[in-house]
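# Descriptive analysis of the structure
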Amino acid sequence: MSAAATYVRENRDRHLEELKEVLRIPSVSTDPARAGEVKRASGWVAARLKRAGCTRTEVFETKRHPIVY
């Protein structure tokens, strides 16, 4: 078994819990009442990218919704 397959198998439960965590954020971009949740979701994504080692992660505010770079 490859190292990648072993990693996925050993970390499956953690990855599923993280996916459920982000899916619980009601970030419906077409609903203006959810703008704060869209912003919270962008922060969640940016934090996970940083934790994964992305050193140039930024959240850019726009007129509508933030963009994660």
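As a reminder, the structure under discussion sits directly above these lines.
Residues numbered from 1 in each chain as written. Predicted model: local features only at pLDDT ≥ 70, side-chain atom pairs only at ≥ 80, totals over all residues. Heavy atoms only, no water.

### What about the overall build of the chain?
Note the following rule: A run of H or I in DSSP counts as a helix once it spans at least four residues, and a run of E counts as a strand once it spans at least two, with each numbered from the N terminus. Throughout, the radius of gyration refers to the C-alpha atoms, and the reference size of a globule is 2.2 Å times the residue count to the power 0.38. Whether a residue is buried, partly exposed or exposed follows from its accessible area with a 1.4 Å probe, protein chains only, as a fraction of its type maximum: under 20%, in between, or over 50%, in that order. Any two residues having at least one pair of non-hydrogen atoms within 4.5 Å are treated as being in contact.
Of the regular secondary structure elements, the chain holds two helices and two strands. Walking the chain from its N terminus toward its C terminus, one meets helices and strands in the order α-α-β-β. Relative to the 2.2 N^0.38 estimate, which gives 11 Å for 69 residues, the radius of gyration of the chain is 15 Å and therefore markedly larger than a compact globule would have. Counting only residues that meet the buried cut, the chain has 16% of its 69 residues in that class. Excluding contacts between residues fewer than 6 apart, the proportion of contacts in the chain whose partners are at least 24 apart in sequence is 24%.

### Concerning the pattern of salt bridges
Note on pairing: side chains with opposite charge can pair once their charged atoms come close. Inclusion rule: What makes a salt bridge here is a side-chain nitrogen of Lys or Arg within 4 Å of a carboxyl oxygen of Asp or Glu, nothing more.
Evaluation of the coordinates by the stated rule reveals eight salt bridges. Here arginine 34 and aspartate 31 are joined by a salt bridge, their closest N and O atoms 3.9 Å apart. Across the pair lysine 39 and glutamate 61 runs a salt bridge, and its minimum N-O distance is 3.8 Å. Of this pair, lysine 39 sits in helix α2 (residues 35-51) while glutamate 61 sits in the loop between β1 (59-60) and β2 (67-68), placing them 22 residues apart in sequence. Classification of lysine 39 as partly exposed rests on a relative accessible area of 48%.

### Some thoughts on the side chain of histidine 65
Here is the rule: Pairs of N or O atoms are called polar contacts if they sit within 3.5 Å, as long as, within protein, a hydrogen donor faces a hydrogen acceptor (for residues adjacent in sequence, only side-chain-to-side-chain pairs).
Checked against the element boundaries, histidine 65 lands in the loop between β1 and β2. Of note is the side chain of histidine 65, whose polar atom sits 2.9 Å from the backbone oxygen of serine 29. Contacts of histidine 65, omitting those with residues within four sequence positions, involve Ser29, Val38 and Phe60.

### Structural notes on the environment of aspartate 31
On the secondary structure map, aspartate 31 appears in the loop between α1 (3-23) and α2. Put simply, aspartate 31 and alanine 41 are ten residues apart on the chain and 14 Å apart in space, counted from C-alpha to C-alpha.

### Quick look at α2
The condition that has to hold: In a helix, the anticipated span is given by 1.5 Å times the number of residues less one.
If you check α2, its first and last C-alpha atoms are 25 Å apart, about what 17 residues at 1.5 Å a residue would give, namely 24 Å. Of all the positions in α2, only Val38, Ala41, Ser42, Trp44 and Ala46 are classed as buried. Buried positions along α2 lie against α1, β1 and β2. Of the residues one or two after α2, glycine 53 is the one with positive phi, at around 110 degrees.

It is worth stressing that arrangement in space is one thing and function is another; only the former is reported here.
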